[in-house]
Amino acid sequence: MTATRPGAGTVPPDLFASLCDDAAVFPPGDMPLAEAVPAHVRHVAAAHASLVGPLVLPQARLAELAELTAGYPAGSVELAVTVPSPDEVAKALASVTTVPAARLRVLEVAVPDGMPAAEVVPRLSTPLQVLTTSDLTPVTVYVEVPRDERRAELIGCLADSPYLAKFRTGGVRAELYPDERELARAVLLAVRAKVPFKATAGLHRAVRNTDPQTRFEQHGYLNLLAATGAALNGAVEGEIVAVLAERDASTVAKLVGALSPEVREAFRSFGTCSIAEPVTELAALGLLTPDLTKDLL
């Protein structure tokens with residue numbers, strides 16, 4: 001299905017395919033898992049299902065998930081599991097096997113303070129060998145790139161590995177939000193190294209904004225998508241900063257409407273506490289047909 005976009009005909013449906021990872025249990029949404037699981041199941045059966053990625057869950061909550069989904073069909077809940085360290089990956093994989101309803105699709109691995117960038121990929125390789133010989137495949141592995149001096153080296157290491165990058169774009173405190181220049185540099189590093197990435201936290205609206213309650217400056221997920229397209233087209237840092245800083249929704253919608261679906265090979269997805277909000281916003285901007293909103297919770 002295609003949708004009208006501002007002044008530019010139709011949007012290829014692949015542009016938003018599996019764009020929205022369901023992070024309902026994370027702040028600021030903090031939905032109870034007992035509510036998040038059935039809500040996720042409804043999302044993936046709804047009219048907007050094509051936009052929905054896996055349910056994102058911390059490793060520590062897999063036992064709780066096993067209890068809640070005891071009566072679910074095997075493999076019926078696709079998961080992205082967040083792991084606090086490469087050294088915890090083996091434990092996470094073992095925990096997933098105790099949840100018959102779960103189908104692991106994504107691992108998101110954080111890098112602890114003090115772990116050298118050069119050690120991350122080797123520490124992942126041994127526990128992840130099981131994925132090449134088990135029914136857990138295919139699993140996409142993201143490594144959360146620290147916002148410090150290790151960033152460039154780690155992205156370089158990821159370029160020589162099967163693993164992708166994850167960028168943190170916000171959080172519960174103002175200092176957890178990278179400014180436009182920092183995020184532009186991260187996007188450029190990933191695009192130039194040909195390392196696909198996802199984003200997490202703080203992307204609560206389609207377009208750059210100031211949160212009316214917290215007063216935090218928040219990136220827009222469509223700004224990030226458009227900035228990735230600009231980087232792929234050879235834009236320099238200042239041009240990408242300008243795209244990330246753009247606050248006019250019509251301007252951002254036009255930039256996104258002109259993108260090729262190939263941009264999603266670079267920017268894979270983003271985590272959202274509410275699947276309904278991005279679907280509603282995209283439809284309001286003319287980037288999705290309104291009928292995709294008919295089943296919103």
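Calculation rules
Residues numbered from 1 in each chain as written. Predicted model: local features only at pLDDT ≥ 70, side-chain atom pairs only at ≥ 80, totals over all residues. Heavy atoms only, no water. Buried < 20%, exposed > 50% of the residue type's maximum accessible area, 1.4 Å probe, protein only. Helix = DSSP H or I, 4+ residues; strand = E, 2+ residues; numbered from the N terminus. Pairing = 2+ DSSP bridges. Right-handed = clockwise from strand over helix to strand, strands pointing away. Axes fitted to C-alpha atoms, helices over the stretch in contact; angles between N-to-C directions. Parallel < 35°, antiparallel > 145°, perpendicular 65-115°, else oblique. Left-handed = near helix turned anticlockwise from the far one by under 90°. Contact = heavy atoms within 4.5 Å. Nonpolar A, V, L, I, M, F, W, Y, C, P; charged D, E, K, R; others polar. Arc of directions from axis to C-beta.

Enquirer: How do you make sense of the pairing of strand β7 (residues 140–144) when you look at a structure like this?
Expert: The two faces of the sheet receive side chains in turn, since in a regular strand these alternate between them. For β7, the buried fraction is high: four of the five residues fall into the buried class. Of the strand pairs in this sheet, strand β6 (residues 102–109) and β7 are connected by four bridges, and their pairing is parallel. Bridge pairing links V109 to V143 in β7. Strand direction decides the pairing type here: β7 and strand β8 (residues 164–168), joined by three bridges, are parallel. Of the residues in β8, the one forming a bridge with E144 is K166. One crossover worth recording links β7 to the parallel β8 by way of helix α5 (residues 151–159), and it is right-handed.

Enquirer: Got a minute to help me understand unusual backbone geometry in this structure?
Expert: Most peptide bonds adopt trans geometry, and most residues besides glycine take a negative phi value. In this structure, the amide linkage connecting P27 to the following residue, P28, adopts the cis form with an omega of 5 degrees. Within the secondary structure, P28 is located in the loop between β3 (20–22) and α1 (33–43). A positive phi angle, near 50 degrees, is found at D30, a position not held by glycine. Here D30 is to be found in the loop between β3 and α1. For D30, a relative accessible area of 46% puts it in the partly exposed group. Even without being glycine, A201 reaches a positive phi, approximately 75 degrees.

Enquirer: Quick question: what am I supposed to make of the packing of helix α6 (residues 180–193) against helix α7 (residues 221–232) here?
Expert: A pair of packed helices is characterised by two quantities: the angle between their axes and the separation of those axes. Put simply, α6 and α7 touch, their axes get as near as 10 Å, and they point 50 degrees apart. When the axis of α6 is compared with that of α7, the two are oblique. Both α6 and α7 take part in a crossing whose hand is right-handed. On α7, the residues touching L183, V187, L188 and V191 of α6 are L224, A227, T228, A231 and L232. Residues that form the contact of α6 with α7 fall into these classes: eight nonpolar, one polar and no charged.

Enquirer: Looking at this structure, I do not really get helix α4 (residues 117–128). What am I missing?
Expert: An α-helix turns once every 3.6 residues. As a result, residues three or four positions apart point the same way. Of the residues making up α4, those classed as buried are A117, V120, V121, L124, P127 and L128. In an axial view of α4, the angular spread of the buried residues amounts to 135 degrees, which keeps them on one side of the axis.

Enquirer: I tried to follow the sheet that holds β7 on my own but got confused; where do I start?
Expert: Hydrogen bonding along the main chain pairs the strands of a sheet, whether they run parallel or antiparallel. Spatially, the eight strands close up into a barrel ordered β3-β4-β5-β6-β7-β8-β9-β12, and their pairing is parallel. Neighbour to neighbour, the strand axes of the sheet diverge by 35 degrees on average, direction disregarded. Running at roughly 170 degrees to strand β12 (residues 267–272), α7 makes contact with β9 (197–200) and β12 of the sheet.

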